[in-house]
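Notes for the structure review
Each chain, written out:
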Amino acid sequence: MSNSTILHKLRLIFFLSISFFIFYMLMNYGFTTNSIKRLNDIKTNKFEIASLHSDNLHLYEKLVQILENAGRMREIALLESAKEEKEKILKNLETLKYYASDNQLIKEKHAIEEFFRIATELTHKVIEGEDIPLEFVQNFQMLSQKNKLLFIQQRENALNTLYSSINTLSNNNSTFFTFSLLLSIVSSLFIIAVDLYFYFNIKRRFEQVRLSLKNLNTNQPDFSKKMSVEYHDEIGELVEGFNQLQHKLELDYNHLHTLKVKAEDTVKLKSEFLANMSHEIRTPMNGIIGMSYLTLKTNLDPKQRNFIEKIDNSAKMLLGIINNILDLSKIEAGKLELEKIDFKLHKVIESAVDLLRFKMQEKNIKLHLYYEKDLPKLFHGDSLRILQILTNLLSNAVKFTPQGEIEIHINKVHHNRFRFKIKDTGIGLTKEEQKNLFKAFSQADGSTSRKYGGTGLGLAISKQLVEMMNGKIWVESSYQQGSSFIFEIEILALFNTLNSKKLPSKPKEERNIEHDMARLEGKRILLAEDNFINQEIILGLLENSNIQIDIAQDGQEAIELHNKHNYTLILMDIQMPILDGYEAAKVIRQTDKIIPIIAITASAMKEDVQKTIESGMNDHLNKPIDVNKLYEILLQYST
């Protein structure tokens, strides 16, 4: 029984329940049939017998009364009435023979006939005036009394039999009711006990399955916890199958864990490789861009200036490609995080336009900005990434528009969701070319990259950034009729509005930051840099500011010079011999909590920026050096 399946147990319980129900119905049927039979017997026999005997007693008493009246009134005619009563009694006795063959009935018949004969004779003598012996009268009276007692006894016996049958039937009904009630209670208790057993047994066993599933659903499941097979039923088969599946999952989990560790190691190596490659590429790029900038500040003939400007432009294009590759690798590794700051949308738009204004003027492309009426002015989100998306899309629009115009539309879709549309009158795209447009390292076709240049990373990165902002990006284009790149993003709108519906593009009035550098005349700063080209670039950028610059070749020398002199600011390279920039900054911070220390490094990853802040530095300046940002940092921390 214990190894039977749950289905077999349920079938057995069902069979027992049906059997009990049939037994109960048969028992109830038998009892009911017997009760009906007894009731009919009481109704047709016992009750009829008791009625006839009661009627005979009544007729006998009436007969005696008539005979007494006949003798007293000397009326011979009353004897006929008495005879009728006698005949009724005899008829009842004849009827009683059908219900019972009793010698007592014959005795009653003889007694009533004998009584009637003597009574008739006595009445005739009374009417005729004969003398009646006292002994004869006494015998008659005794006979009358004896017959009456006989009829009373018969009636009592019949009534007792009737009452006895009724009591028996009532007792049987009461007994059957008690028996049925007890049987129903016992059966109900049995069914409840079986149901509770199955309920708690199945619940307990399924609870083990639930706990095992919960264990497997954790990040680090304990595969040693296996369920025991208590019974070889359906749940037992489920447990066996579950244990087999758990064993397979354990093998797969261990295999996946091994692959995960390898993948993590690979990602770590890739990140380290990208960080090292970024640093190694940015260091010579700093030399190229920095020297190009310094060279352009000298007196050059037109041909030389043209060459240097092309070198500078090519180096910046290469730097943009490097940044795109780093961004894509960060997105793939899940390390790119969005910042949340307050910003003015029109400032971001203007910054994107300023980066491409020269190229638009060069190609005589007109730009129009359209802001939706009552569009919020202040937002909260990642303005740098929004600028990157806009710059990528605008760059594409300028690149593929030989002439004509570009429009930028900004509209509110609904609460905190905004749509940006960059529309151009360029070469457009076919339906086939649009399919691979947002895939990394792909463009419309091979001839596009040969004719217009580019890696195809800009749109892929833009798509990833838009999706990180819970948005979407798509293109609407017709070949030779221009394109519209549209994206929607979620950003938190704060307050204020842009009232103008159409704002024409105007050149931005640039601040002469080089002129402001004159305020730093006489300041003394320390440059910790082991690369001679980088030293030369910094010295060249600051030669007209009359700032006194001391140079340390490594971190240890930077600490020693700081201890000897009173510097306004320290520009600290990170990768240096003897002692790197992180350790040097930590040592300086032990004795000087005030002096600004600015990291100036080719390590441009986010974790590098965080590490410079944790080591006690105030800011982070990437290589290749953004000249304006260098001047802004010097002005910020030195005045």
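Not measured: the values here are computed from a predicted model.

Within the chain, the regular secondary structure consists of 17 helices and 16 strands. On C-alpha atoms alone, the chain measures out to a radius of gyration of 60 Å, which is more than a quarter above the 26 Å that the 2.2 N^0.38 rule sets for 639 residues. Here the chain holds 639 residues, and the buried ones make up 40% of them. A separation threshold of at least 6 residues defines the contact pool for the chain, and within that pool the share at least 24 residues apart is 72%. Distance between charge centres in the chain, computed from 80 positive and 82 negative side chains, equals 4 Å.

Summarising the element assignment, F15 is placed in helix α1 (residues 6-73). Residue classification places F15 among the exposed positions, given a relative accessible area of 52%. A sequence separation of 76 residues divides F15 from K91, and the C-alpha atoms of the two residues are 60 Å apart.

Another point: the packing of helix α2 (residues 78-96) against helix α3 (residues 103-128). It is the contact of α2 with α3, at a shortest axis distance of 10 Å, that shows an interaxial angle of 175 degrees. Accordingly, the angle class assigned to the pair α2 and α3 is roughly antiparallel. For the pair α2 and α3, the contacting residues are L79, A82, K83, K86, I89, L90, L93, E94 and L96 in the first and L105, E108, K109, I112, E113, F116, T120, T123 and H124 in the second. Classifying every residue of the contact of α2 with α3 by side-chain character gives nine nonpolar, three polar and six charged.

Overall, the predicted model of the chain reaches an average pLDDT of 82, with 91% of residues at or above 70. When the criterion is pLDDT under 50, residues 444-453 qualifies, and its contacts beyond four places in sequence or with other chains add up to 13 contacts.

A separate point is α3. Residue pairs three or four apart in sequence face the same way in an α-helix, which turns once every 3.6 residues. The terminal C-alpha atoms of α3, which comprises 26 residues, lie 38 Å apart, in line with the 38 Å expected from a rise of 1.5 Å per residue. Every buried residue belonging to α3 is among L105, E108, A111, I112, F115, F116, I118, A119, T120, L122 and T123, and all of these are buried. Buried residues along α3 sit against α1, α2 and α4 (134-216). Directly beyond the C-terminal end of α3, a positive phi value near 80 degrees is found at G129.

Attention now goes to the sheet that holds strand β1 (residues 341-344). Here we have three strands laid out as an open sheet, ordered β1-β4-β9, and antiparallel in their pairing. Because the sheet does not close on itself, it has two edges, and the strands there are β1 and β9 (492-493). Pairing of strand β4 (residues 378-381) with β9 involves two bridges; the strand directions are antiparallel. Bridge assignment links F379 to a residue of β9, and that residue is A493.

The next point concerns the environment of Q104. Checked against the element boundaries, Q104 lands in helix α3. Placed 236 residues apart in sequence, Q104 and K340 show a C-alpha to C-alpha distance of 121 Å. Apart from the residues within four sequence positions on either side, Q104 is in contact with L150 and Q154.

Right, let's talk about the sheet that holds strand β16 (residues 619-622) for a bit. The strand order β13-β12-β14-β15-β16 describes an open sheet built from five strands, whose pairing is parallel. Bordering the open sheet on either side are β13 (548-552) and β16, each of which pairs with just one other strand. Geometrically, the sheet is characterised by an average inter-axis angle of 20 degrees between neighbouring strands, direction not taken into account. In the sheet, strand β14 (residues 569-572) pairs with strand β15 (residues 597-601) via three bridges, with the strands oriented parallel. Looking across to β15, one finds that I570 is bridged to I597. Each of β12 (524-528), β13 and β14 is contacted by helix α14 (residues 555-564), which is oriented at about 140 degrees to β13, the strand it contacts most. Strand contacts of helix α17 (residues 627-638): β14, β15 and β16, with the helix running at about 160 degrees to β16, the strand carrying the most contacts.

Attention shifts here to the pattern of salt bridges. What the rule picks out here adds up to 20 salt bridges. The residue K623 makes a salt bridge to D573 at a minimum N-O spacing of 3.5 Å. Here the residue K623 occupies a position in the loop between β16 and α17, and D573 occupies one in the loop between β14 and α15 (581-591), the gap between them amounting to 50 residues. Judged by relative accessible area, K623 falls into the buried class, the value being 3%. Assessed through its relative accessible area of 3%, D573 is described here as buried. Within this structure, R417, R419, E488 and E490 form a network of salt bridges that share partners.

Moving on, we come to the pairing of strand β7 (residues 472-477). Residues I473, V475 and S477 of β7 are buried on one face, while the alternating residues K472, W474 and E476, pointing to the opposite face, are not. Two strands pair when backbone bridges link them, and β7 and strand β8 (residues 483-490) are joined in this way by six bridges, in the antiparallel orientation. What sits directly across from S477, in β8, is S483. Between β7 and β8, which pair antiparallel one after the other, the connecting turn spans five residues, and Q480 there sits at a positive phi close to 65 degrees.

Rules behind the numbers
- Residues numbered from 1 in each chain as written.
- Predicted model: local features only at pLDDT ≥ 70, side-chain atom pairs only at ≥ 80, totals over all residues.
- Heavy atoms only, no water.
- Helix = DSSP H or I, 4+ residues; strand = E, 2+ residues; numbered from the N terminus.
- Rg over C-alpha atoms; globule rule 2.2 N^0.38 Å.
- Buried < 20%, exposed > 50% of the residue type's maximum accessible area, 1.4 Å probe, protein only.
- Contact = heavy atoms within 4.5 Å.
- Lys, Arg positive; Asp, Glu negative; His and termini not counted.
- Charge placed at Lys NZ, Arg CZ, Asp CG, Glu CD.
- Axes fitted to C-alpha atoms, helices over the stretch in contact; angles between N-to-C directions.
- Parallel < 35°, antiparallel > 145°, perpendicular 65-115°, else oblique.
- Nonpolar A, V, L, I, M, F, W, Y, C, P; charged D, E, K, R; others polar.
- pLDDT = per-residue confidence, 0-100.
- Expected span 1.5 Å × (residues − 1).
- Pairing = 2+ DSSP bridges.
- Salt bridge = Lys/Arg side-chain N within 4 Å of Asp/Glu carboxyl O.

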